[in-house]
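Structural characterization, general
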Amino acid sequence: MTDSKYFTTTKKGEIFELKAELNSDKKEKKKEAVKKVIASMTVGKDVSALFPDVVNCMQTDNLELKKLVYLYLMNYAKSQPDMAIMAVNTFVKDCEDPNPLIRALAVRTMGCIRVDKITEYLCEPLRKCLKDEDPYVRKTAAVCVAKLHDINAQLVEDQGFLDTLKDLISDSNPMVVANAVAALSEIAESHPSSNLLDLNPQSINKLLTALNECTEWGQIFILDCLANYMPKDDREAQSICERVTPRLSHANSAVVLSAVKVLMKFMEMLSKDLDYYGTLLKKLAPPLVTLLSAEPELQYVALRNINLIVQKRPEILKHEMKVFFVKYNDPIYVKLEKLDIMIRLASQANIAQVLAELKEYATEVDVDFVRKAVRAIGRCAIKVEQSAERCVSTLLDLIQTKVNYVVQEAIVVIKDIFRKYPNKYESVIATLCENLDSLDEPEARAAMIWIVGEYAERIDNADELLESFLEGFHDESTQVQLQLLTAIVKLFLKKPTETQELVQQVLSLATQDSDNPDLRDRGYIYWRLLSTDPVAAKEVVLAEKPLISEETDLIEPTLLDELICYIGTLASVYHKPPSAFVEGSRGVVHKSLPPRSGSSESAESPDATPSGAQTSEQPAVIPTQGDLLGDLLNLDLGPPVSSPPITTSSVQMGAVDLLGGGLDSLLRSDVGGSPAMGSASFTAPNAVMPASLGAPISSGLGDLFELAGGVGTLSGSYVAPKTIWLPAMKAKGLEISGTFSRQVGSISMDLLLTNKALQVMSDFAIQFNRNSFGLAPAAPLHVHAPLAPNQTVELSLPLNTVGSVMKMDPLNNLQVAVKNNIDVFYFSTLYPLHILFVEDGKMERQMFLATWKDIPNENEAQFQIKDCPLNADAVSSKLQGSNIFTIAKRNVEGQDMLYQSLKLTNGIWVLAELRIQPGNPNFTLSLKCRAPEVSQYVFQAYETILKN
Amino acid sequence: MIHSLFLINCSGDIFLEKHWKSVVSQSVCDYFFEAQEKAADVENVPPVISTPHHYLISIYREKIFFVSVIQTEVPPLFVIEFLHRVADTFQDYFGECSETAIKDNVVIVYELLEEMLDNGFPLATESNILKELIKPPTILRSVVNSITGSSNMGDTLPTGQLSNIPWRRAVVKYTNNEAYFDVIEEIDAIIDKSGSTVFAEIQGVIDSCIKLAGMPDLSLSFMNPRLLDDVSFHPCIRFKRWESERVLSFIPPDGNFRLISYRVSSQNLVAIPVYVKHTISFKENLSSGRFDVTIGPKQNMGKTVEGVIATVHMPKAVLNMNLTASQGSYTFDPVTKVLTWDVGKINPQKLPNLKGIVNLQSGAPKPEENPSVNIQFKIQQLAISGLKVNRLDMYGEKYKPFKGVKYITKAGKFQVRT
């Protein structure tokens, strides 16, 4: 006798039959009928027509029948709101029942009936239940507040339920505490601004106590809540860590991962010298590894999180390489993740093992996995120099297998290896050339063509090879076409005599027969370069290539820090901050790791200023993004003409060098009035830019630069008063304040160093991280004598703009490292853009008009400058002091229109139209620029200059 | 939190749905079906799928997909753990977690799901508590119920629900008091072509069956507790005692449960009990190949290796296999290309061997990949890590319980590459 009997139907019509049974006098028959109804409901059948009949069965002493009716109600009340009211009386009565089980059941079910009218009746019973003597009822009521909030948030606030809920955090019963925390967290998620979970040392203590006693699910809620707390110092952080650590041995993997999150976050505050720090690191490894022996679904989530943890703190799992070895019957999603982590953990110590494994994987069945394994071998070569040779020979072995996709992947990665280790492995080119014909994927073809072009002088028949590709030029994908164009130009520059015909052929194919603007424009650029100045062409096309970075697919440090705060959540699975994808989160609070207090470590970790830790000592390294070839293709040009990945996240943006020297030179030649260069060529980079402007920054020091201030010196451009950049408490007594100035063509950073410590400071040095405009110190920081305690020294550091360029966010962000005999300190500051306005920024009238027209309208940005009491002439002269030149002044309908131009150090022109209405202190500023992302900062400069 | 749950069978029918908040249309499962189609193999369906308005987190167990729908940021592990708990509960209640069992007990299933989750928050997931709220179906009970008209629903608040030991019922009575522990160790290993160990570790568990009356307080100690440095505990275990004295001290749940699970990974502690000698080769032009596999015992501490089964996923190009087994029997499924050799016990004097000819599709290129051999085996009365229980003490109750410990070692994911 099973429940499947409930599914059988009769001839008369099911609903009719059920109706009769529901109204039967016999209790047993009634119950059976309700069961049938529920059974139909579970498979998605519509039985809402029976609503009144089922509700009639509600008043009963039989608990099972009652529960069944409740199940039905929850499902259908929404579709029959008027009739649902009929049930209210029973609910209210049940909330007074002596049996706590029934009281809880009633309050629980009422919350699930998502009908507005019912919520009003729910308030009184709920209030009672929240104060019920039985903890079971209280904990159910706590959840009910969250349900009610979901239906009618205003009501919950008006009725003061939130306060009652907050009180429950101090409840004597741990289960009630856990549920209150869970309910508050859920409510807080939809109201990020409301400070619902007001965490303080007392409430944290209560949570930690409840943590030990509540159920596993409650532990998850409490741990997730704890992770949002910001301990006041490292001692508090340590004591919380100590009390959370036992959770790492819990059998429930979600508890373990939530505990890992708390520890990873609070560890940030602990000094690395502490013994406890080391102990904690050791304790983290085993539970993470244990997660990998669970079910594959759990493994997957764990692996995605481990991927983050390994990037943040590689030392935790560096000895655990083997647990990531792939078993042939792992699900594919687990295999791919394991492979990723293996490469991250690869080091000189374990590379032999890793390579042996990867080679094994390259002969597996699953194509996706094999490809990734081959790629991984290439990544190992690039990451661990000692292994490069072995990797290359492994790749050659794989090419010998002649398995098509293996060969293609191998060629793609070998190209990267060539770039990383120039002049070392070119002997294998011959082998690669043998496989030319079998390449049918664009990426592999493009890679091969790149190799042929790059090493044209070593390949005897390079011209023949390239010519053979040229035959089917129009059928190739853009990627291959662009690469072919560049490769043939390279070939021509290397062997000009034999290949003139070939280069002409490709240029005409690219410029005349192609519809692709990127291809056409690149063709024109090469054409012009080659025809006007072959020497310059050589310099540009065959330029020294920047190194490719060792780590690929690294998550940008600020994002990584944010993601560490989201360990165990969906964000950690997708490696995106929740703001990027969670629909329910209305407005998002950005989480960040706590700053380390009292740390004495040196440049080792990027904690203090995320992403600012690497000072610009290393050679320029471009981080390779998903599309490595994209970078390669663009090397000759600077700006990515082939469409770069357009994303809304600011992450990858940082890597694309949009303002680099390449664009600079292009712009200049464009301004020079070349007919060949349509403005279309710049639409690609332009389209990408605005997205990054609004992106939030998490630099705590970002706000230091204040626009308001006293009057600066009148000669030269406006100089803001000095502000504190590095407070003494963050830099062991060294206080740095400063500002930027520009006088007669030279930029300087005016600094005030104050020693607020008790010891003498000496050996000062300064370095800048790569920044948007290549600002760099032009001379070393020269402090004449050691700085005695309480002494202040004022100095001016000359700057130039020939440093390496990396786009920052915000654009005018400058990350600085200052060293003295005590330590290295990092801070970041925003420089006003007008220090970059050069003296020869005055454009010809005609040119201005032409350029203004030429820049597409979508590049125009409009701003309001408020409360500026100056007239047009005063404005004009004031701006001229800062190298903003007025080219023309017109009076249109009583308004003064000023047309102005300025040029940045990297050659970007900005054109401006300033509209001034006499008597109205608010000006309208329209800016046009080919790189519109600078507009906002130019506007800020305008404001700063005009208001001071 | 968890919004809805859909149960889907292998042929893609949604046979049960449950919503804890508002109703989510079945059509959301289309995204799941899409992913399922793309994955080709049921095991390869990604566990987290995003759709425009929801996230689908699923597990695959006993040929059923448990697909949960979530709408807000929720720890996915929390959802996955919960889904496994649901499957465990079904198993516990109906003896098996299958589509038929669920359909046969659909009302109980529905009541259980309602009891386990409230508004997406877990409510009661401990089997002990659930069984007090909703009694598992038995033939006797349904007969009694139909005569007396009583229900299978408990009408008082389960006592464990709010105590500090939510895992234990309050009034437990037995005439025979017994406590049994099974120490089960599984060896996960990857052995390379040449027979050396690439990776090996032991996944151990201690499963307990405790039927003791009243409120017994147990302490279990080991001869060599140092082995256990990576352990996950059942919530009943007092962590502090373990930290300080390396003794497992706990008030047990009633019935069957997993006391601890542990991992032993340091290579020198993981003995590999069997070895495999193999030649699997394919000839370039002859459309055939040779297959020769021998399995022998290695370090088994004088115990017999039994229940040996070898499975090999042969390459796609293999048509069929003509083999002779010196012991046991073999089958080859030409559709899935899986060769299964049921060996049985290994007799060290006469090693089991399976050899013969592999027939390939004519004209197909020689397979590139080398198939791995998956080995299963069992060794009774041995914990391969050497873990030994020292003694079990009981406090709080006066009677003398029967006590017993059993050891068994099995192959986990034990793979030999060829």
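To keep things clear, this report deals only with the structure shown in the data block. From a predicted model like this one, the values you see are computed outputs, not experimental measurements.

Before going further, it helps to examine the side chain of Ser58 of chain B. Looking at where Ser58 of chain B falls in the secondary structure, it is placed in strand S4 (residues 55-61). Ser58 of chain B has contacts with Glu297 of chain A together with Phe32, Pro46, Pro47, Phe66, Val67 and Leu83 of chain B, leaving out every residue within four places of it along the chain.

Residues and elements named next belong to chain A. As for its placement among the helices and strands, Thr739 is situated in strand S4 (residues 734-743). Among the residues examined, Thr739 registers a relative accessible area of 4% and is labelled buried. Between the alpha carbons of Thr739 and Leu752 there is a distance of 9.1 Å; along the sequence they are 13 residues apart. Non-local contacts of Thr739, meaning those with residues more than four positions away in its chain, are made with Val719, Ala720, Pro721, Lys722, Trp725, Ser748, Met749 and Asp750.

Once that is clear, we can look at the environment of Glu201 of chain B. Mapping Glu201 of chain B onto the fold places it in strand S9 (residues 197-211). Note on Glu201 of chain B: relative accessible area 5%, which makes it buried. The sequence separation of Glu201 of chain B and Ala189 of chain B amounts to 12 residues, and the corresponding C-alpha distance is 6.4 Å. Other than its neighbours up to four places away in sequence, Glu201 of chain B contacts Val323 of chain A together with Glu186, Ile187, Asp188, Arg263, Val264, Ser265 and Val270 of chain B. A distance of 2.6 Å separates polar atoms of two side chains, one belonging to Glu201 of chain B and the other to Gln203 of chain B.

Okay, the interface of chain B and chain A next. Every contact between the two is made by 97 residues of chain B and, on the other side, 98 residues of chain A. Summing both sides of the interface, chain B and chain A together bury roughly 8,400 Å²; the carbon and sulfur share of this comes to 58%. The tally of links from chain B across to chain A stands at 8 salt bridges. Two residues, Lys67 of chain A and Glu115 of chain B, come together in a salt bridge whose shortest N-O distance is 2.8 Å. Tallying contributions element by element places helix H2 (residues 76-94) of chain B first for the side of chain B that touches chain A, with 8 residues. Across the side of chain B that touches chain A, the residue classes tally to 40 nonpolar, 31 polar and 26 charged.

All names here are of chain A. For helix H38 (residues 935-946), with 12 residues, the first-to-last C-alpha span of 16 Å sits near the 16 Å given by 1.5 Å per residue. Among the 12 residues in H38, 10 count as buried, and that is most of the element. Those residues of H38 not exposed but buried are Ser935, Tyr937, Val938, Phe939, Ala941, Tyr942, Glu943, Thr944, Ile945 and Leu946.

On to the packing of aromatic side chains. A complete count under the given rule lists 28 aromatic pairs over all chains for this structure. An angle of 65° between the planes, with centres 6.1 Å apart, marks the rings of Tyr93 of chain B and Phe94 of chain B as edge-to-face. Residue classification places Tyr93 of chain B among the buried residues on the basis of a relative accessible area of 5%. Under the relative-accessibility criterion, Phe94 of chain B is labelled buried at 14%. Put simply, the rings of Trp217 and Phe221 of chain A together with Phe78, Phe82 and Phe121 of chain B pair up and form one aromatic cluster. A cation sits over an aromatic face here: Lys335 of chain A above Phe369 of chain A, 5.1 Å from the ring centre.

Quick notes on the rules
Residues numbered from 1 in each chain as written. Chains lettered and ligands numbered in written order. Predicted model: local features only at pLDDT ≥ 70, side-chain atom pairs only at ≥ 80, totals over all residues. Heavy atoms only, no water. Helix = DSSP H or I, 4+ residues; strand = E, 2+ residues; numbered from the N terminus. Contact = heavy atoms within 4.5 Å. Buried < 20%, exposed > 50% of the residue type's maximum accessible area, 1.4 Å probe, protein only. Polar contact = N/O pair within 3.5 Å; in protein donor to acceptor, adjacent residues only side chain to side chain. Buried area = accessible area lost by both parts, 1.4 Å probe. Salt bridge = Lys/Arg side-chain N within 4 Å of Asp/Glu carboxyl O. Nonpolar A, V, L, I, M, F, W, Y, C, P; charged D, E, K, R; others polar. Expected span 1.5 Å × (residues − 1). Phe/Tyr/Trp six-rings, centres within 6.5 Å; stacked < 30°, edge-to-face > 60°. Lys NZ or Arg CZ within 6 Å of the ring centre and 35° of its normal.

Don't take any of this as a statement about function, it's just geometry.
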